[in-house]
Amino acid sequence: MEIISENVCYDGVQGVYKHKSKSCRCDMTFAAYLPPQAKVKKVPVIWFLSGLTCTHENAMTKAGAQLWAARYGVAFVFPDTSPRGNSIANDDAYDLGQGAGFYVDAKESPWDSNFNMWTYITDELPKLIFNEFQVLETEQGIMGHSMGGHGALTIAMTLPDRFRSVSAFSPICNPVNSEWGIKQFTTYLGPNQDTWRSHDSSILVKEKGFHSRILIDQGGADDFSDLLMLDTFVSTSNDRKQDVNIRVQPGYDHSYYFIQTFMESHIEHHTSLF
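Anyway, here's the lowdown on the structure attached to this text. (Residues numbered from 1 in each chain as written. Predicted model: local features only at pLDDT ≥ 70, side-chain atom pairs only at ≥ 80, totals over all residues. Heavy atoms only, no water.)

**Some words on helix α9 (residues 256-271)**
Basically, it comes down to this: Helix and strand definitions here come from DSSP, where helices need a minimum of 4 consecutive H or I residues and strands a minimum of 2 consecutive E residues; each element is numbered from the N-terminal end. Here a helix's expected span is defined as the number of its residues, less one, multiplied by 1.5 Å. Two axes are fitted around each residue, one to the seven residues ending there and one to the seven starting there, and the angle between them is reported as the bend at that residue. Remark: exposure states derive from per-residue accessible area (1.4 Å probe, protein chains only) relative to the maximum for the residue type, with buried under 20%, exposed over 50%, and partly exposed in between. Any N or O atom pair separated by 3.5 Å or less is treated as a polar contact, with the protein-specific requirement of one donor-capable and one acceptor-capable atom, and with residues adjacent in sequence counted only for side-chain atom pairs.
Taking 1.5 Å as the rise per residue, α9 with 16 residues should run 22 Å; its terminal C-alpha atoms sit 22 Å apart, in good agreement. Residue F262 marks the point of greatest curvature in α9, where the axis turns by about 50 degrees. Listed as buried for α9 are Y256, F258, I259, F262, M263, H266, I267, H269 and H270. The backbone nitrogen of Y257 has a side-chain oxygen 3.2 Å away, supplied by the residue at the start of α9, namely S255.

**Considerations on the packing of aromatic side chains**
We apply this condition: Between 30 and 60 degrees the pair is tilted, below 30 it is stacked and above 60 it is edge-to-face, where a pair is any two Phe, Tyr or Trp rings, Trp via its six-membered ring, whose centres lie within 6.5 Å.
Counted by the stated rule, this structure contains 15 aromatic pairs. Note on Y17 and F133: the rings are 5.3 Å apart at their centroids and 65 degrees apart in plane angle, and the pair reads as edge-to-face. With Y17 in strand β2 (residues 12-21) and F133 in the loop between α3 (117-132) and β6 (135-145), this residue pair connects regions lying 116 residues apart in the sequence. Overall, the relative accessible area of 12% leaves F133 in the buried class. Seen in terms of ring centroids, W180 and F224 are 5.0 Å apart; in terms of plane orientation they differ by 35 degrees. Their pairing is tilted. With W180 in helix α5 (residues 179-189) and F224 in the loop between β8 (214-219) and α7 (225-228), this pair connects stretches of sequence that are 44 residues apart. Given the relative accessible area of 5%, W180 is considered buried.

**A look at the pairing of β8**
To keep it simple, the criterion reads: Here, a strand pair is defined by DSSP locating no fewer than two bridges between the strands.
Along β8, six of the six residues are buried, which leaves the element largely enclosed by surrounding structure. What you see with β8 is no split at all: I214, I216 and Q218 on one side and L215, D217 and G219 on the other are buried throughout. The pairing of strand β7 (residues 163-169) with β8 spans four bridges and is classified as parallel. Each residue of the ladder has a partner; that of F169, found in β8, is D217. Pairing between β8 and strand β9 (residues 244-249): six bridges, direction parallel. By the bridge assignment for β9, D217 is matched with R247.

**Re the sheet that holds strand β4 (residues 43-49)**
The cut-off we apply is this: To define axes, lines are fitted to C-alpha atoms, for helices over the stretch in contact only, and angles between the resulting N-to-C directions are given on a 0 to 180 degree scale. Residue contacts are counted whenever heavy atoms from the two residues lie within 4.5 Å of one another.
Strand order in the open sheet formed by nine strands is β1-β2-β3-β5-β4-β6-β7-β8-β9, and the pairing between neighbours is mixed. A strand with exactly one partner marks an edge of an open sheet, and here the two such strands are β1 (2-9) and β9. Taken over all neighbouring pairs, the strand axes of this sheet differ in orientation by 20 degrees on average, direction set aside. Relative to β6, β4 runs parallel, the two being bridged by six bridges. Each residue of the ladder has a partner; that of V45, found in β6, is Q140. Against the sheet, helix α8 (residues 230-240) engages β8 and β9, with an angle of about 155 degrees to β9.

See the structure below:
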C-alpha cells in the first residue's frame, strides 16, 4: 500500500492510499479517515460507497463526514467507484464504464477483465483495511449515495453477518426496472435478468430483509427520483415488514449539500447499532 497523502483533520488522519488490486487488475485508490480515538484503540468503521462519476475524493471532501466521525469515534473508508486507467475498458456515457462500476462483478467482455467491484469492495479491500488500520472487523456499517446507495443496500443484505448497520442517501432502489440499472446490468452481467436479481435492493429486502433498521434519506426535490424508484423499495419493505426509516427531505436535491446536511444523523444511526 502506497501513501498518497495524510493530513490531520479534527485530530484524526485523513489519508489517501493506492495499491495494486488483484480483483480489478489495476492500481486502485481509496481514502480512509481515522478518528483521534484510533490512536489508542481499534474503532468501528463505516464504508461510504459513492455514486456515478465519483472517485474516492468526492465524499471525502464533500460529505462532511470527518467532523462527526471524530465526535462519534468511527473510521470511514471511501473506495473508488470503478477500476481506472488507459488500458481499462470505458464508454463515452457518464453512466457506464469508468466511474460507473455499479458494485457488481462483470461477466461480459471486455468488462470482465477489470470490473469486479463486488469482489473488490466485499473481499479484497476489507482485507487490506483490517490489516493496515486500527479498525474493528466486528463493528462495521455501510452507507452510500445513489449508485453507492444501491451498492450499500445490496451488500448489507447479502452479507448481514458482516454489517451491523446500513443506510443510504438517494439510493437506486430498483435497478432491474430503472434506466439506471437495465443499461448497466445488460452490459456488465448480460441479458439473463435472473442474474440481476441479487443486485436489486427492492428484491433483496423482500426475499432476505436486514436484521436491523434501514435508514434512507431522499431529497424531495431530487431530479432523479423517477430513476431511483424509492416507492418500490417502500412497497417491498412493507410486504416483508422490514424495519425501515425512510425520510423524504423537502427541498433537498441529489447533491452533496444534501448529504452533508444529514450526515450526522446517519452516523448516529450506525453507531447506535454498534
